[in-house]
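# Descriptive structure summary
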Amino acid sequence: MSTDRRPMAMTPAGQRAADQLGALACHVIVPVLVVDDAMQARPTAHALATGGIRCAEVTLRTSAAFDAIAAMREEAGFVVGAGTVVSVTQLHEAVAAGAQFIVSPGLDPDLISVARTIGVGVLPGVATATEVQTAVRLGLNTVKFFPADRLGGLATIRALAGPFPDVRFIPSGGVDAETAAGYLRDAAVPAVSGSWMATRRMIECGDWPAIERLSATAAALVTSRSGP
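So, a few notes on the structure that sits alongside this text. (Residues numbered from 1 in each chain as written. Predicted model: local features only at pLDDT ≥ 70, side-chain atom pairs only at ≥ 80, totals over all residues. Heavy atoms only, no water.)

## Brief notes about the overall build of the protein chain
Within the protein chain one finds 10 helices and nine strands. By the compact-globule yardstick of 17 Å for 228 residues, the protein chain fits well, its C-alpha radius of gyration being 16 Å. Per-residue burial for the protein chain yields a buried fraction of 50% across its 228 residues. Here the contacts in the protein chain between residues at least 6 apart in sequence split such that 58% fall between residues at least 24 apart. About 10100 Å² of surface is accessible on the protein chain, with carbon and sulfur atoms providing 54% of the total. If the 18 positive side-chain charges of the protein chain are averaged to one point and the 20 negative ones to another, these points end up 7 Å apart. (Helix = DSSP H or I, 4+ residues; strand = E, 2+ residues; numbered from the N terminus. Rg over C-alpha atoms; globule rule 2.2 N^0.38 Å. Buried < 20%, exposed > 50% of the residue type's maximum accessible area, 1.4 Å probe, protein only. Contact = heavy atoms within 4.5 Å. Areas by Shrake-Rupley, 256 points an atom, 1.4 Å probe, with all protein chains shown as cover. Lys, Arg positive; Asp, Glu negative; His and termini not counted. Charge placed at Lys NZ, Arg CZ, Asp CG, Glu CD.)

Structure below.
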């Protein structure tokens, strides 16, 4: 089972999204990981992949983050990015460590410009219509809606999609196994990100069977979404 979506043909809008997101573009479930010990990184990637999820965002919230990114890149066919990127310096450090995409909690034109210049996928966070409009002006058509649970969730995404029908929203923050399916049923939501399938505690304890099991359940959401 895989979370990759590989369409036979891509529309111009779809191509723009792929160009923006880079290696992240084909993934529907994006685990958000906090890794305290880089030794746990590759086993975590392997457990996710065994369950059917072949990507992850490693947040820059611990001193082990850059080493964790490098370790995960060693897992064959696994796509890894850096999250909580809030400066250009962090962006360069993450890319040097092997990050294939960049996720930011907010909308920073400098980060976006540098990421696109060096050819790394970028997903900035937005919380308001003003920020969505700015993202569009910067040439983006896919944004992270963060923190989704605090901002009204799917109802707010639908409200924003009205005036911005060409923008796609990836909810992050409070997304879990119960809410992910509802998000993914909406045409404005190409993917979801969350930590429920690989929590900080699970990673710390090395609970690979739980990560595999929860990843398989999450990956099944993609199959049910595409449906017959």
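## As for the pairing of strand 1 (residues 29-33)
Among the five residues in strand 1, five count as buried, and that is most of the element. Here strand 1 shows a buried face lined by Ile 29, Pro 31 and Leu 33 and a second buried face lined by Val 30 and Val 32. Bridge count for strand 1 against strand 2 (residues 55-59) is two bridges, and the pairing is parallel. Bridge assignment links Val 32 to a residue of strand 2, and that residue is Glu 57. Each parallel crossover has a hand, and for strand 1 linked through helix 2 (residues 41-51) to strand 2 it is right-handed. (Pairing = 2+ DSSP bridges. Right-handed = clockwise from strand over helix to strand, strands pointing away.)

## Here's the deal with the packing of helix 4 (residues 88-97) against helix 5 (residues 109-118)
Put simply, helix 4 and helix 5 touch, their axes get as near as 9 Å, and they point 30° apart. Between helix 4 and helix 5, the angle is such that the two are roughly parallel. For the pair helix 4 and helix 5, the crossing hand works out as right-handed. Note on element contacts: helix 5 touches helix 4 through Asp 110, Leu 111, Val 114, Ala 115 and Ile 118, opposite Val 88, Leu 91, His 92 and Val 95. Partitioning the contact of helix 4 with helix 5 into residue classes produces seven nonpolar, one polar and one charged. (Axes fitted to C-alpha atoms, helices over the stretch in contact; angles between N-to-C directions. Parallel < 35°, antiparallel > 145°, perpendicular 65-115°, else oblique. Left-handed = near helix turned anticlockwise from the far one by under 90°. Nonpolar A, V, L, I, M, F, W, Y, C, P; charged D, E, K, R; others polar.)

## Observations regarding the side chain of Ser 104
Looking at the secondary structure, you find Ser 104 in the loop between strand 4 (101-103) and helix 5. Side-chain polar atoms of Ser 104 contact the backbone oxygen of Val 85, separated by 3.0 Å. (Polar contact = N/O pair within 3.5 Å; in protein donor to acceptor, adjacent residues only side chain to side chain.)

## Things to note about the pattern of salt bridges
Going through the model one piece at a time under the given rule, you end up with five salt bridges. Between Arg 42 and Glu 74 there is a salt bridge, with the nearest N and O atoms lying 3.5 Å from each other. Taken as a pair, Arg 42 in helix 2 and Glu 74 in the loop between helix 3 (65-72) and strand 3 (79-83) lie far apart in primary sequence, 32 residues in all. Taking the relative accessible area as the measure of exposure, Arg 42 reaches 37% and is therefore partly exposed. (Salt bridge = Lys/Arg side-chain N within 4 Å of Asp/Glu carboxyl O.)

## Comments concerning the pairing of strand 3
By the criterion of burial, strand 3 is predominantly enclosed, with five of the five residues buried. Here strand 3 shows a buried face lined by Val 79, Gly 81 and Gly 83 and a second buried face lined by Val 80 and Ala 82. Strand direction decides the pairing type here: strand 2 and strand 3, joined by five bridges, are parallel. By the bridge assignment, Ala 56 is partnered in strand 3 with Val 80. In the classification by handedness, the crossover that spans strand 2, the intervening helix 3 and the parallel strand 3 is right-handed.

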